[in-house]
Amino acid sequence: MKWLTSKLHALKKYLTASGINGREDSLNYKINYGTIQCNWTIRKSSKRLIDENFNSALFLRVRDISGDGTNASVTLETTTSTNHADIHLPTTQGKILLELGYKAYKGDFITLEYKIFNLSEKKIKAIRYIDWFNIEAENIHQRMYEMATRGVPAGGSEQQT
């Protein structure tokens with residue numbers, strides 16, 4: 001077991017020294033009146049990859065992940081040459097996921113950085129059940145007929161002689 005632990009420590013030192021595990025990406029945000037102000041930096045290798053293969057298109061995506069069945073999201077397209085943007089919140093309550101990333105060839109979203117924050121407890125109004133058939137009038141068909149004809153006989157068997 002000591003052997004495995006020493007090998008893992010050596011591997012961790014190697015990965016950190018080679019820059020593989022060292023994080024250069026960052027995503028910061030500030031919320032003001034229904035808008036998220038975002039600032040970010042991305043690694044040079046990520047920027048080069050996006051510039052060469054994906055037309056420099058970088059995306060900010062905000063999604064509601066409250067888990068209550070709602071599906072609110074907003075996506076903003078920007079470029080790798082920018083490092084800040086403002087995006088409107090899709091909701092003012094619940095848990096929100098903010099992602100910075102790019103879209104691959106088939107439209108898959110590849111996340112570079114993400115932040116999760118909680119705006120507030122989501123309050124959902126209970127749906128009131130209304131049984132429309134219990135409030136229907138007994139003479140509904142006659143009333144509908146009178147409304148359709150507006151008091152004018154339609155002719156046929158109802159025609160006055």
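In the block above lies the structure referred to throughout.
Residues numbered from 1 in each chain as written. Predicted model: local features only at pLDDT ≥ 70, side-chain atom pairs only at ≥ 80, totals over all residues. Heavy atoms only, no water.

Chemist: Help me out: how do you make sense of unusual backbone geometry in this one?
Modeler: Where the residue is not glycine, phi is negative for most of them; where a peptide bond is considered, it is trans in most cases. A positive phi angle, near 50 degrees, is found at Tyr-33, a position not held by glycine. Within the element layout of this structure, Tyr-33 appears in the loop between strand E1 (26-32) and strand E2 (35-41). Its identity is not glycine, yet Ser-56 carries a phi of approximately 65 degrees, on the positive side. By the secondary structure assignment, Ser-56 is in the loop between helix H2 (44-53) and strand E3 (57-64). (Helix = DSSP H or I, 4+ residues; strand = E, 2+ residues; numbered from the N terminus.)

Chemist: Honestly, the sheet that holds strand E7 (residues 109-118) in this entry has me stumped. Any pointers?
Modeler: Hydrogen bonding along the main chain pairs the strands of a sheet, whether they run parallel or antiparallel. Strand order in this open sheet of four strands is E4-E3-E6-E7, and the pairing throughout is antiparallel. What marks the edges here is a single partner per strand, and that holds for strand E4 (73-79) and E7. Between one strand axis and the next, the sheet turns through 15 degrees on average, direction left out of account. Pairing of strand E6 (residues 95-103) with E7 involves nine bridges; the strand directions are antiparallel. Note that in E7 the partner of Tyr-102 across the bridge is Ile-110. (Pairing = 2+ DSSP bridges. Axes fitted to C-alpha atoms, helices over the stretch in contact; angles between N-to-C directions.)

Chemist: Which parts of the structure should I look at to understand the nonpolar core?
Modeler: Nonpolar side chains in soluble globular proteins tend to end up buried together. Grouped together as the largest cluster of nonpolar side chains are 19 residues, with contacts concentrated most on Ile-36, Cys-38, Trp-40, Leu-60, Val-62, Leu-98 and Leu-100. Counting only elements with at least two residues in this core, the list comes to E2, E3, strand E5 (84-88), E6 and E7. In terms of residue count, the dominant contributor to this core is E6 (four residues). With residues up to four places along the chain from it excluded, the contact list for Trp-40 reads Ser-26, Leu-27, Leu-58, Leu-60, Thr-78, Thr-82, Asn-83, His-84, Ala-85 and Leu-100. (Core = buried A, V, L, I, M, F, W, Y, C linked by side-chain atoms within 4.5 Å. Buried < 20%, exposed > 50% of the residue type's maximum accessible area, 1.4 Å probe, protein only. Contact = heavy atoms within 4.5 Å.)

Chemist: Teacher, can you tell me more about the sheet that holds E2 here?
Modeler: Pairing within the open sheet is antiparallel, and its three strands lie in the order E1-E2-E5. Here the strands that pair on one side only, and so sit at the sheet edges, are E1 and E5. Within this sheet the neighbouring strands show an average axis-to-axis angle of 25 degrees, counted without direction. Pairing of E1 with E2 involves seven bridges; the strand directions are antiparallel. Considered in E2, the bridge of Ser-26 is made with Thr-41.

Chemist: In this structure, what is going on with the pattern of salt bridges? I would like to understand it.
Modeler: Any two side chains of opposite charge can pair, given that their charged atoms come close. Here the structure, examined in full by the defined rule, presents three salt bridges. The closest approach of N and O atoms between Lys-47 and Asp-51, which form a salt bridge, is 2.9 Å. On the criterion of helical spacing, the pair formed by Lys-47 and Asp-51 is a turn pair, its members being four residues apart in helix H2. Its relative accessible area of 32% is what places Lys-47 among the partly exposed residues. A salt bridge links Arg-61 to Glu-99; the nearest nitrogen and oxygen atoms lie 2.8 Å apart. Linking Arg-61 in strand E3 with Glu-99 in strand E6, this pair joins segments that are 38 residues apart in sequence. (Salt bridge = Lys/Arg side-chain N within 4 Å of Asp/Glu carboxyl O.)

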